[in-house]
Amino acid sequence: RVKVDELDELAYGMLGYFAGKTGTSAPVALSCPGSPDRLQCKAICGGMGTSGTCSKFILGEGGPESEKIDFGKEEMNEIKDELSTCERGDVVTLGSPQLGLGEIERLSAMLKGRSFKKPCTVFVPRKVRDEAHNLGYTAR
């Protein structure tokens, strides 16, 4: 059961990391508040793929074959502490898993007229990079 009322993409990524780390080979049932959107599901998958052997999840209660886990603020803080390995980073890295065109559009809109203070690397498929360039997202 997910015991966090409001989940953003970061929280969904930490949920996925926790589920992958604590889960076994059985699908993990994730009872999230509301319905995660595509980006939030991608964050869950990215976190799960990073942390362990569990690679399947079911949104909702699942069935008798699924594993139930509890994820609350305490677990979220533990994961955040585990993944925060330095006080100051030297580079900003985005795109694990790789960003899609919609995410590049969103990032471009968020950064319009602004820039990173540190070097930034963004991982995207070649096709997405070309489409983003043609649509003017990389020029903002």
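For the structure given in this document, a descriptive report is provided here. All figures in this text were calculated on a predicted structure; none of them were measured in a lab. (Residues numbered from 1 in each chain as written. Predicted model: local features only at pLDDT ≥ 70, side-chain atom pairs only at ≥ 80, totals over all residues. Heavy atoms only, no water.)

### Brief notes about the overall build of the chain
Across its full length, the chain holds five helices and five strands. Secondary structure of the chain in N-to-C order comes out as α-β-α-β-β-α-β-α-β-α. Dimensions along the principal axes, computed over C-alpha positions, put the chain at roughly 50 × 35 × 25 Å. In the chain, the share of contacts with a sequence separation of at least 24, taken over all contacts with a separation of at least 6, comes to 84%. Roughly 9200 Å² of accessible area belongs to the chain as shown, and the carbon and sulfur atoms make up 51% of that amount. Between the averaged position of the 19 positive side-chain charges in the chain and that of its 20 negative side-chain charges there is a distance of 8 Å. (Helix = DSSP H or I, 4+ residues; strand = E, 2+ residues; numbered from the N terminus. Contact = heavy atoms within 4.5 Å. Areas by Shrake-Rupley, 256 points an atom, 1.4 Å probe, with all protein chains shown as cover. Lys, Arg positive; Asp, Glu negative; His and termini not counted. Charge placed at Lys NZ, Arg CZ, Asp CG, Glu CD.)

### Brief notes about the nonpolar core
Soluble globular proteins tend to bury their nonpolar side chains together. Val 2, Tyr 12, Leu 15, Leu 30 and Phe 71 are the most contacted members of the largest nonpolar core, which has 20 residues in total. Sorting the residues of this core by element identifies α1 (9-22), β1 (28-30), α2 (38-51) and α3 (73-83) as the ones contributing at least two each. Leave out the neighbours within four places in its chain, and Val 2 touches Leu 7, Leu 15, Ser 31, Cys 32, Pro 33 and Phe 71. Core analysis: the second largest hydrophobic core is formed by five residues, Leu 99, Ile 104, Val 128 and Ala 132 among them. (Core = buried A, V, L, I, M, F, W, Y, C linked by side-chain atoms within 4.5 Å. Buried < 20%, exposed > 50% of the residue type's maximum accessible area, 1.4 Å probe, protein only.)

### Points about the packing of α1 against α2
Two elements in contact, α1 and α2, have axes whose closest approach is 6 Å; the angle formed by their N-to-C orientations is 35 degrees. For α1 against α2, the interelement crossing comes out right-handed. The segment α1 lies against α2, with Glu 9, Tyr 12, Gly 13, Gly 16, Tyr 17, Ala 19, Gly 20 and Lys 21 engaging Leu 39, Gln 40, Ala 43, Ile 44, Gly 47, Met 48, Thr 50 and Ser 51. The residue makeup of the contact of α1 with α2, split by class, is seven nonpolar, seven polar and two charged. (Axes fitted to C-alpha atoms, helices over the stretch in contact; angles between N-to-C directions. Left-handed = near helix turned anticlockwise from the far one by under 90°. Nonpolar A, V, L, I, M, F, W, Y, C, P; charged D, E, K, R; others polar.)

### Examining the state of the cysteines
Applying the stated criterion to the full structure yields zero disulfides. Cysteine Cys 41 shares no disulfide, and the gap to the nearest cysteine sulfur, in Cys 45, comes to 6.7 Å. (Disulfide = S-S within 2.5 Å.)

### Topic: the environment of Cys 120
Position of Cys 120 among the secondary structure elements: in strand β5 (residues 120-122). Between the C-alpha atom of Cys 120 and that of Thr 85, which follows or precedes it by 35 residues, the distance is 18 Å. The residues contacting Cys 120, other than those within four sequence positions of it, are Val 91, Val 92 and Leu 94.

### What to know about the pattern of salt bridges
Following the criterion strictly, the structure yields five salt bridges and no others. Taking the shortest distance from any N to any O, the salt bridge between Asp 70 and Lys 3 comes out at 3.9 Å. Placement of Asp 70 in the loop between β3 (67-68) and α3 and of Lys 3 in the segment before α1 is noted, with a sequence separation of 67 residues between them. What makes Asp 70 partly exposed here is its relative accessible area of 32%. (Salt bridge = Lys/Arg side-chain N within 4 Å of Asp/Glu carboxyl O.)

### Examining the packing of aromatic side chains
Scanning the model with the defined rule gives one aromatic pair in all. Here the aromatic rings of Phe 18 and Phe 71 are separated by 5.5 Å at their centres, their planes lie at 45 degrees, and the arrangement is tilted. Of this pair, Phe 18 sits in helix α1 while Phe 71 is found in the loop between β3 and α3, placing the two residues 53 residues apart along the sequence. (Phe/Tyr/Trp six-rings, centres within 6.5 Å; stacked < 30°, edge-to-face > 60°.)

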